[in-house]
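Fold and geometry: a report
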Amino acid sequence: MPKLRAPKIPDFVVPPPLRKPPKPGAEDRKGQAPTDLKSSPPPSRTHVDRLTDQAKDAPADVLAWVDQRTGASGFLTGMLYRKVPKGTNWFYTLGSATLFAFIVQATTGVFLAMFYTPSATQAYASISHINNDVPLGQLVHGMHKWGSSVMVILIFLHMGRTFFFGAYKYPRELNWVIGVVLLILTMTMAFTGYLLPFDQRSYWASIVGININGTGPIVGPYLSDFLRAGPELGATTLSRFYAIHMLLVPGAIIALIGAHMYLVVKLGTTAPPWVKAKKPKIATPVSQLDAGAEGNGAGPSTNGGSGA
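Residues numbered from 1 in each chain as written. Predicted model: local features only at pLDDT ≥ 70, side-chain atom pairs only at ≥ 80, totals over all residues. Heavy atoms only, no water.

**Brief notes about the overall build of the protein**
Each helix and strand counted, the protein has eleven helices and zero strands in total. In the protein, the succession of helices and strands from N to C terminus is α-α-α-α-α-α-α-α-α-α-α. Taken across its 308 residues, the protein has 25% of its residues classed as buried. Residue pairs at least 24 apart in sequence account for 72% of intrachain contacts in the protein once pairs closer than 6 positions are excluded. Taken as a whole, the protein presents about 22,000 Å² of accessible surface, with 66% of it coming from carbon and sulfur. (Helix = DSSP H or I, 4+ residues; strand = E, 2+ residues; numbered from the N terminus. Buried < 20%, exposed > 50% of the residue type's maximum accessible area, 1.4 Å probe, protein only. Contact = heavy atoms within 4.5 Å. Areas by Shrake-Rupley, 256 points an atom, 1.4 Å probe, with all protein chains shown as cover.)

Here it is, written out as structure tokens:
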């Protein structure tokens, strides 16, 4: 598989602590020789030139100011310049793709919440208003609706890749547990969001899902009563699903994603199972080297004095 060259990051984007020092003598080669400065001095800089240079350096100065007070350069350096194992391929992008899908879900969900009304009598009308009257409302609603299915598929593929590549073994067991919890929270977010349009399909599908949860051992009936928020599915159920979908689950997912990414940077990633590690070279003992040298005629010969 051909290797892609990493894009070069502009210098004005990188904070000063992270910039590479210039090579010795680079400025002297590019600039004018010091002996020529007396005869042809450089043009004087105007006030506009100085302001332009300050404006160009302003983003880097702001990043440096933030970095001095947060110490984020160490984490960014470990994230952006960390070593990856040999054999890394496109399967390793499933985690980043899942994270991108979550960001899309969170962004579109915020815009939908601005027009959505979590009421049993107005929920369906608010969804119709978003799709028919709000500019780009149907696009945002469609991205959120189908993006949930995409995120569920991606997180299952990511978990499958982690399992079959053996990335759940020591010392990454805790990261595997966090991933399983993230999978459960993703399914919970998809399930609670399905009821929010409050139409006939989402109403009866939610009843089936709640009844299935009620068949679980020990905690099943209690979980079913908690989700239903009453003896039957109604307006209180919609409010509870909306709170879980918008507040509880996204907050937990954001916190666990932060912990997940920290452990990925700290522990690194595993190589594919078909890539074998090279055996370290073992130094040959000196006694064996001497014996081999004598056997090949390089050492002192016992028959050298007799001649032919």
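**Digging into a nonpolar patch on the surface**
A surface patch of nonpolar side chains, amounting to about 550 Å² of accessible area, comprises Phe-75, Leu-76, Leu-80, Tyr-81 and Tyr-262. A per-element tally of the nonpolar patch places helix 3 (residues 73-80) first, with three residues. Summarising the element assignment, Leu-80 is placed in helix 3. Classification of Leu-80 by relative accessible area gives exposed; the value is 58%. (Patch = residues over 30% accessible without salt bridge, like charges linked within 9 Å, V, L, I, M, F, W, Y side chains within 5 Å. Salt bridge = Lys/Arg side-chain N within 4 Å of Asp/Glu carboxyl O.)

**Some details on the layout of surface pockets**
Empty space within the second largest pocket amounts to approximately 790 Å³. What lines the second largest pocket is a set of 31 residues, and nearest its centre among them are His-141, Lys-145, Gly-193, Tyr-194 and Pro-197. Mapped by element, the contributors of at least two residues to the lining of the second largest pocket are helix 4 (94-113), helix 5 (123-132), helix 6 (137-164), helix 7 (173-194), helix 8 (200-214) and helix 10 (235-267). For the lining of the second largest pocket, the leading source of residues is helix 6, giving ten residues. (1 Å grid on protein atoms, 1.4 Å probe; cavity = no way out; pocket = protein on both sides within 12 Å on 5 of 7 lines; lining within 4 Å. Points joined across faces, edges and corners; volume = space filled by probe spheres on them.)

**Regarding the packing of aromatic side chains**
Each aromatic ring pair is characterised by the separation of its centres together with the angle its planes make. Summed over the entire model, instances satisfying the criterion amount to ten aromatic pairs. Ring centres 6.1 Å apart and planes at 65° place the aromatic pair Phe-91 and Phe-165 in the edge-to-face group. With a gap of 74 residues between them, Phe-91 in the loop between helix 3 and helix 4 and Phe-165 in the loop between helix 6 and helix 7 connect regions that are remote in the sequence. The buried category is assigned to Phe-165, whose relative accessible area is 13%. Ring centres 5.7 Å apart and planes at 55° place the aromatic pair Phe-191 and Phe-241 in the tilted group. Of this pair, Phe-191 sits in helix 7 while Phe-241 sits in helix 10, and the two are 50 residues apart along the sequence. (Phe/Tyr/Trp six-rings, centres within 6.5 Å; stacked < 30°, edge-to-face > 60°.)

Don't take any of this as a statement about function, it's just geometry.
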